[in-house]
Amino acid sequence: MTMVSGGGICLYREARLNIEPAFPESTIAITLPANTPSTFGPRTVPKRVIVSEKYIDQDEEAFAKRHLASEGSIFFRRHHGCPRSFLWRLLDNRRTLEIQCADLDQDITYKVEANLTLLLNFTAPIRPFGIALAESEDHDAIIVFAITSSNELYTLTLHREFFMNKSATDQDINNWCKKSTPNLIGLRSPYRLVALSEAQLLVSLDDGGILHLQKQANNDGTWTETLYKQNNWSLGSLLPWKGQHTIRFGDLDLDATSAAATALSPDGKHIFTVCLDHRLRVWNVFSGRPTIQLDLLGEPDQPTEKTASYFIGPSQNTLLAILDIPGGVGGATYHVITYSPKQHQFKFWGVRDADDDSLGIFEISPEVDFIPPVDELMNTTVWTLEEFAFNRGPAGWRGAELWIRARSGPSSKVYVLKFDLMASVSNVVARAWKRDWVCVDSGSLTVDGLKHNAANPSEQDMEMSELTGPGDAEQWLDFLFYPGRFTTATLETALLVFRRGLTQSRTLRQSRHTSLKERILGTITAFVSAANSKGSDNDRYDDIVGAQWQAFYSIIKDLHKRRGECLSLVFDYAKDTPWLVLSDYFSAVRTCSEVEFINLNAARLSASSPAKDRAEPLRKHVQDSGIQHTSTLLNAAAALRKSLPLSFHRQFELHLQAELLQTQSLSVLDRMEFLEQSTDLSHQVTDDDLSAFLEEVEVKDLRTDSFLDAIRILTHESEGRNVLKKQVSRYGLSALLRVSQETLEVNHNALLDLLVLILYIQFDEDTEHLDPAEVFVEIVGQLKDNMIICWLASNAWSRQSPTGPASEVMLKSLSESYNNSRVFPMTQTVLEGIFGHRAFDSPFPSSKKAGLLTYWSHVWMSQVFADQSYDSSLEEIMMILLTQKDYDLALRFSKFLPEESWTTYLKGRLHIALGEYSIASTYLQKAAYHLALGMFNIHDTDTVGFLSTSDRNSFSDGLPKYYYHILGLFDKVKAYSYVADFAHLALRSCATKQDEASKKEENALKNDILSRLFNASIQTSRWNDAYSALTRHTDAASRRSDELKKLVDGMVQRDAFGDMLKLPFVGLIDEVDDILVNMCQLSLNVASGPPHHQMLYAFRISRNNFRGAASILYERLQRLKTTSSKIHDPEDESLIQCYVMIINTLSSVNEEEAYILAEQKIDDSASAQWGIGKAKMRLKRQVITLDTLRKEYQAELDRVTAIEDGQYPFVEAEEMDFL
């Protein structure tokens, strides 16, 4: 933030808000019908379209048409509640009227927010000053009156539902859009339009007449017309003619008597006008005659020969205001304010009787020249006052405020004066008008404000660029995408314009679905490649990259500057708050915080500036707030730090970040000394810097309380008693964020200033009343808080969170539209998402006025650390990020977490979600003992419902339950090796319980752990662990049998049969054998399928069951003979090998046991007719001896030999005879 220039004291600041759609397809475009067919075409057909705002391929012209307004304002309703304020703008060369709600809050009972935007497209452009709004007293609606260049008068009745429900506008447009062309408007040309009410209009005409329109009762858009003009019944008054003096304004030739401002008196009897010929004219409503005519400055009626006639510029916005203030001056019933651009002078008039030309109106305080000293305030000789707004004080004239908007060239500034017109001494009023003007700072979003932003890479000096790199992409993207700084439309248009510089051969092909950040980086890379086609060294390459970023930013800056063109100053009299409407913003004018006030008025608060010479607003503010000594300290500290070289600033911030993030084991004094020595601070301050500091502050006068008072003004305690039953709206949340971001930046700089100062003077012997360690600890604590809130306010998350009942309904509706996804194409910072619903949790005072927004943002930010410690707040934020599944943000936020068991657990949960299981395992094991055995209360820690009820029972109840909870986390992501690891840890930590109930619970837990271990071991092929878990299982036999089958199946399927043979299977051999037998029976093809028979053979051999092994092989032999087609292939040796294995196996047993029992078919010829499941019914058992096998073996050999010799059989092999 830079000190305000010029002579104005700065007490206020703008909070600029981007004008963007509330959500996708929240804009409804409606083409309005024309009153008569066009001369060159058919009648315009009305239509309604829901606009999907897409900014890709939007060039500068399209950007200007859609986003840069030529006229705009805010209309405030008085008789109805939400929505109360309506922002309107004219776009697309004045052919489109955009209107939307601009409320900052609404009642908590509202379930729908008025967040729809209407785009009303007119066939012809709307005339300058041709828009007026009024409020319907009978219906919850606003009335928009518009006069187009074709002299059509539109009356648009926009109901409240139009801004809440899309379907509300899906009706016949003629129901709410009425068109007419009043007769007198058809004969003349309208110049200005003023709405007195929903039924009365005043239209200033180009010939000097005033047309009073009164709506007829039939509600068909027709009007009763009354013309106020001298000699208004003459023929000349009915026909347009050029008088002696005319002023050109667009396509109009305005008569000098044309009214540039019109207003109705409070009693409704007179119309006051300020005309272009510099005269105030008053008309009697009933007689239609002018009653008073006088020069705005009281000069003679006719100019002399030496004095040329003066005419007011027809584009002048505000010239007249009528005030109805009780206790009028000099017996006046009401008062009038006029402004004369001729001498930049205001006049205050009292009106006793507007029909009395001589005594009915009188000038108040004619001896005072009410001229704002804008030439001094803006340091210019040429300026114009474009608008003013008067706000009566709490006691009438006393404490009244006059707000003005002045322009000098492209610069537009707002000033305010608080004065008492009824002061007993006129010198007091004159002095106030000369010295007591207060200016409004334009804020940090102006081009000049961005220039002084420390994060702006384009404005960094060469020394800083060498430290960070001129083309640091991350730094550029962080700056460009900082929430609320630039709109998406601005960046998209700038990118399109920038890409035109690419040659045709290097034209990028980027998908529309690619993110804007990626497209910007791709374009920059393409330009760098084109500029560096011949290759360059690293330094040259960095310069090229930096130049491309600078070129891109210059386009952004140009578009951004056009967005900030000021259009109007509006005052909300219900809340005593001024607003500004800009080309693509609207700004709430707020009171500066104390630190902002000190920074913006540093020169005037300097010790070298005598207090007696200070203006009254500055003196009063300093006296009321008691910040004289604090301001001196802060400004001196700021000047000291600013004088240090840029290399120090970068190095100091790096060391400070380490100080804020790391858990410190050193003492406070050692930490202070380390910071001072690591940055070489004592040698960075020159003698001149020290002398300048000592001119402001004496070191011996510095006390601990001085620093603590300076730190204290950075915070804000809640005031008032009543907590408002309201919910924040979308623009209210944007305003809170905008002010919070600016406040955080200012507070951060102030804390750095104080920290540098306390480090520099910590060893000074003259500081006997100063405890540097205490001050250092307090500053570091505030910097930590500031650092966290800054992070929350500068990072947008990918999901939207409701901030009240209305936004909850909206998000639910959007979720259904986007297939129940919570990721919407809208941005919301983490600060808004987490704490937006708490915007009204603090009490509000009733008399803050323009200071309300500043107060509101302060108490809103305090909610981050309200009612809990710093560490607990960080834990809560981290849990919310994990719950929202925004893992990238959670990873970036994790660096702030303290080194505690619960935060270590949260880091573990984060790395599980990121798929980094090894890191997660380390964190989760590290946190185990304290979370499972320590004095840890999960119910006090988990304040956001991060864990389910069942998971909460796993904490502070022993290591087995904790480890069981952890293995469950890994099981969900199928990280089975870590499931097994933590299952082992859980089993090792199980202790034997004494009481029966505990034993039962322990056994149930142990069995669950063993079951998880078994499944994980199966998945990871840890067969020994799986077998161990199986044998230790004490659950039901059926469950054990199922797990045994799962183990055998798993080992068979993964070719781990060799490992299975090594397992003892104590007491389970028969069950394993049965499982393998079942596999053999289910084998469909023994020749080419899985070798289940061989596996069972091997298993039985390993268990010395030779006859069983031979038996299963014989079964395989039989199935080969009946099912395999390869047996007729003489090269197939499967049968021979099978016979050999069976014979060898039976040869290993005693002779009397060398036999097997085998199944034999009763009727071989019937085999083809076997039904499913009936094979066993046609089989009988027989004894197969070793001799029988040898005979069969020999027969098989003979059969193969015969086939090889070509002696093919004609019958089955068992019955054939060989030739």
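Here the residue index of a chain counts from 1 through its sequence in written order. In keeping with the predicted nature of the model, local features appear solely for residues at pLDDT of at least 70, side-chain atom pairs appear and are counted solely at 80 or more, and the whole-chain, interface and lining totals rest on all residues. By convention in this description, side-chain values take in all heavy atoms of the structure and omit both hydrogens and water.

Per an unreviewed UniProt entry, the protein chain is named Nuclear pore complex protein Nup160, and its organism is Polyplosphaeria fusca. In its Subcellular location (unreviewed entry) section, UniProt records this for the protein chain: "Nucleus". UniProt positions are given in the numbering used here, feature names are shortened, and annotations may be inferred rather than shown by experiment.

Draft legend 1. Broad picture of the overall build of the protein chain. Helix numbers and strand numbers start at the N terminus; a helix is a DSSP run of H or I with at least 4 residues, a strand a run of E with at least 2. Looking only at helices and strands, the protein chain features 42 helices and 38 strands. For every residue, the accessible area (1.4 Å probe, protein chains only) is compared with the maximum for its type, and the residue is labelled buried under 20%, exposed over 50%, or partly exposed between those bounds. Here the protein chain holds 1219 residues, and the buried ones make up 52% of them. What makes two residues a contact is simply this: any of their non-hydrogen atoms within 4.5 Å. Put simply, 65% of the contacts in the protein chain that link residues at least 6 apart link residues at least 24 apart.

Draft legend 2. The arrangement of unusual backbone geometry in detail. Note that the residue after cysteine 82, namely proline 83, is joined by a cis bond; omega there is -5°. Along the chain, proline 83 falls in the loop between β4 (71–76) and β5 (85–91). Even without glycine at this site, phenylalanine 129 takes up a positive phi of about 60°. With respect to the helices and strands, the residue phenylalanine 129 is situated in strand β9 (residues 126–135). On the basis of relative accessibility, which here comes to 16%, the residue phenylalanine 129 falls in the buried class. For lysine 974, which is not a glycine, the phi torsion comes out positive at approximately 60°. When you line up the elements, lysine 974 lands in the loop between α32 (959–972) and α33 (976–988). Overall, the relative accessible area of 60% leaves lysine 974 in the exposed class.

Draft legend 3. The side chain of lysine 413, seen in detail. For lysine 413, the position within the fold is in strand β29 (residues 411–419). Setting aside anything within four residues of it in sequence, one finds lysine 413 in contact with Met378, Ile404, Arg405, Ala406, Val440, Asp441 and Ser442.

Draft legend 4. A look at the nonpolar core. To form a nonpolar core, buried Ala, Val, Leu, Ile, Met, Phe, Trp, Tyr and Cys residues must be joined to one another through side-chain atoms within 4.5 Å. The biggest cluster of nonpolar side chains holds 277 residues, and the ones touching the most others in it are Phe346, Trp902, Tyr905 and Tyr962. Sorting elements by how many residues they give to this core places helix α20 (residues 730–760) first, with 17 residues. Beyond its immediate chain neighbours, meaning those up to four positions away, phenylalanine 346 contacts Ile337, Thr338, Tyr339, Phe370, Pro372, Leu385, Phe388, Leu402, Ile404 and Trp433. In this structure, Phe122, Ala146, Leu158 and Trp176 belong to the second largest nonpolar core, which totals 38 residues.

Draft legend 5. Structural view of the pairing of strand β19 (residues 259–264). With five of six residues buried, β19 lies mostly within the body of the structure. Pairing of β19 with strand β20 (residues 270–275), which is carried by five bridges, proceeds in the antiparallel orientation. Looking at β20, one finds that alanine 259 is bridged to cysteine 275. Here, any two strands with at least 2 DSSP bridges between them count as paired. The antiparallel pairing of β19 with β20 creates a hairpin that spans five residues between the two strands, and glycine 268 there sits at a positive phi of about 75°.

Draft legend 6. Molecular detail of the sheet that holds β20. Read from one edge of the open sheet, four strands run β19-β20-β21-β22, paired in antiparallel fashion. Looking at the sheet topology across the chains shown, the edges are occupied by β19 and β22 (290–295). The sheet shows a mean angle of 15° between the axes of neighbouring strands, taken without regard to direction. With five bridges joining them, strand β21 (residues 279–284) and β22 adopt antiparallel strand pairing. For arginine 281, the partnering residue across the bridge sits in β22 and is glutamine 293. Only the stretch in contact is used when fitting a helix axis, every axis being a line fitted to C-alpha atoms; angles between N-to-C directions are given from 0 to 180 degrees.

Draft legend 7. Quick look at the sheet that holds β9. The antiparallel open sheet is built from four strands, whose spatial order is β9-β10-β11-β12. Of all the strands in the sheet, the pair left with one neighbour each is β9 and β12 (177–180). Pairs of neighbouring strands in the sheet enclose a mean axial angle of 15°, with direction left out of account. Here four bridges tie strand β11 (residues 153–159) to β12, and the two strands are oriented antiparallel to one another. The residue bridging threonine 155 from the neighbouring strand is lysine 178, located in β12.

Draft legend 8. Representation of α32 in the model. Here α32 spans 20 Å end to end across 14 residues, near enough to the 20 Å set by a 1.5 Å rise per residue. Among the 14 residues of α32, 10 are classified as buried, and the element is accordingly described as predominantly covered. For α32, the full list of buried residues reads Leu959, Pro960, Tyr962, Tyr963, His965, Ile966, Leu967, Gly968, Leu969 and Phe970. Along its buried surface, α32 packs onto α27 (901–913), α28 (917–926), α29 (928–933), α31 (949–952), α33 and α34 (996–1019). The positive-phi residue at the C-terminal boundary of α32 is lysine 974, with phi of around 60°. To estimate the expected span of a helix, count its residues, drop one, and scale the result by 1.5 Å.

Draft legend 9. Representation of the pattern of salt bridges within the structure. Definition used for salt bridges: Asp or Glu carboxyl oxygen within 4 Å of a side-chain nitrogen of Lys or Arg. With the rule as written, the count across this model stands at 48 salt bridges. In this structure, the salt-bridge partner of arginine 84 is aspartate 572, at a minimum N-O distance of 2.4 Å. Linking arginine 84 in the loop between β4 and β5 with aspartate 572 in strand β31 (residues 566–572), this pair joins segments that are 488 residues apart in sequence. Here aspartate 277 ties to arginine 281 by a salt bridge, and the two come within 2.8 Å at their closest N and O atoms. Just as aspartate 277 is buried, arginine 281 falls in that class too. Among the ionic contacts, a cluster of salt bridges with common partners joins Arg13, Asp441, Arg590, Glu596, Arg738 and Glu742.

Draft legend 10. Examining the environment of proline 805 more closely. Structurally, proline 805 can be placed in helix α22 (residues 805–817). In the structure, proline 805 is positioned 694 residues away from lysine 111 in sequence and 5.4 Å away in space, judged by C-alpha atoms. Not counting residues within four places of it along the chain, the set of residues in contact with proline 805 comprises Ile108, Tyr110, Lys111 and Gln727.

Draft legend 11. The arrangement of the packing of α28 against α33 in detail. Between α28 and α33, whose axes approach to 11 Å, the crossing angle comes to 20°. Considered as vectors, α28 and α33 are oriented roughly parallel to each other. When you trace α28 past α33, the crossing you get is right-handed. Contacts between α28 and α33 involve Tyr917, Ser918, Ser921, Leu924 and Gln925 on the former and, on the latter, Tyr978, Phe982 and Leu985. Note on terminology: angles under 35 degrees are roughly parallel, angles over 145 are roughly antiparallel, angles of 65 to 115 are roughly perpendicular, and the others are oblique. Should the near helix be turned anticlockwise from the far one by less than a right angle, the crossing is left-handed, and should it be turned clockwise, the crossing is right-handed.

Draft legend 12. Fine view of the pairing of strand β30 (residues 438–441). Every second residue of β30 is oriented toward a common face, with Val438 and Val440 on one face and Cys439 and Asp441 on the other, all of them buried. Here four bridges tie strand β1 (residues 9–18) to β30, and the two strands are oriented parallel to one another. Paired with arginine 13 across the bridge in β30 is aspartate 441. Judged from the three bridges that link them, β29 and β30 form a sheet pairing that is antiparallel. Directly across from valine 416, in β30, lies its bridge partner valine 438.

Draft legend 13. Molecular detail of α33. Between the first and last C-alpha of α33 there are 18 Å, a value that for 13 residues agrees with the 18 Å anticipated at 1.5 Å per step. For α33, the complete set of buried residues consists of Tyr978, Val979, Ala980, Phe982, Ala983, Leu985, Ala986 and Leu987.

Draft legend 14. Broad picture of the environment of leucine 184. Note on placement: leucine 184 falls in helix α2 (residues 183–187). Here leucine 184 is in contact with Leu211, Glu225 and Leu227, once residues within four sequence places are set aside.

Draft legend 15. Structural view of a negative patch on the surface. On the surface, Asp705, Asp771, Glu774 and Glu778 cluster together into a patch of negative charge. Along the chain, the position of glutamate 774 falls in helix α21 (residues 772–794). Residue classification places glutamate 774 among the partly exposed positions, given a relative accessible area of 38%. The patches described consist of residues with a relative accessible area above 30% and no salt bridge, like charges being joined within 9 Å and nonpolar side chains (Val, Leu, Ile, Met, Phe, Trp, Tyr) within 5 Å. Note on areas: Shrake-Rupley, 1.4 Å probe, and residue coverage restricted to the protein chains presented here. His residues and chain termini do not enter the charge count, which takes Lys and Arg as positive and Asp and Glu as negative. Charge coordinates come from a single atom per side chain, which is NZ of Lys, CZ of Arg, CG of Asp or CD of Glu.

Draft legend 16. Looking closely at the confidence of the model for the protein chain. Confidence of the predictor in every single residue is expressed as pLDDT, which spans 0 to 100. Across the protein chain, pLDDT averages 87, with 90% of residues at or above 70. Scored below 50 in pLDDT, residues 232–243 makes 11 contacts in the model with residues more than four places away or belonging to other chains. Low confidence marks residues 1211–1219, where pLDDT is under 50. Its contacts with residues over four positions away, or in another chain, come to eight contacts.

Draft legend 17. Highlighting the packing of aromatic side chains. Stacked, edge-to-face and tilted labels apply to pairs of Phe, Tyr and Trp rings (six-membered ring for Trp) whose centres lie within 6.5 Å, assigned for plane angles under 30 degrees, over 60, and everything in between, in that order. Overall, the coordinates contain 55 aromatic pairs when judged by the stated rule. On the numbers, 5.2 Å between centres and 65° between planes, the contact of tyrosine 12 with tryptophan 403 is edge-to-face. Taken as a pair, tyrosine 12 in strand β1 and tryptophan 403 in strand β28 (residues 396–408) lie far apart in primary sequence, 391 residues in all. We note that tyrosine 12, like tryptophan 403, is buried. Summarising the aromatic geometry, the rings of phenylalanine 346 and phenylalanine 388 are spaced 5.1 Å apart at their centres and angled 85° between planes, so their arrangement reads as edge-to-face. Of this pair, phenylalanine 346 sits in strand β25 (residues 345–351) while phenylalanine 388 sits in strand β27 (residues 384–393); the two residues are 42 residues apart in sequence, bridging distant segments of the chain. Its relative accessible area of 7% is what places phenylalanine 388 among the buried residues.

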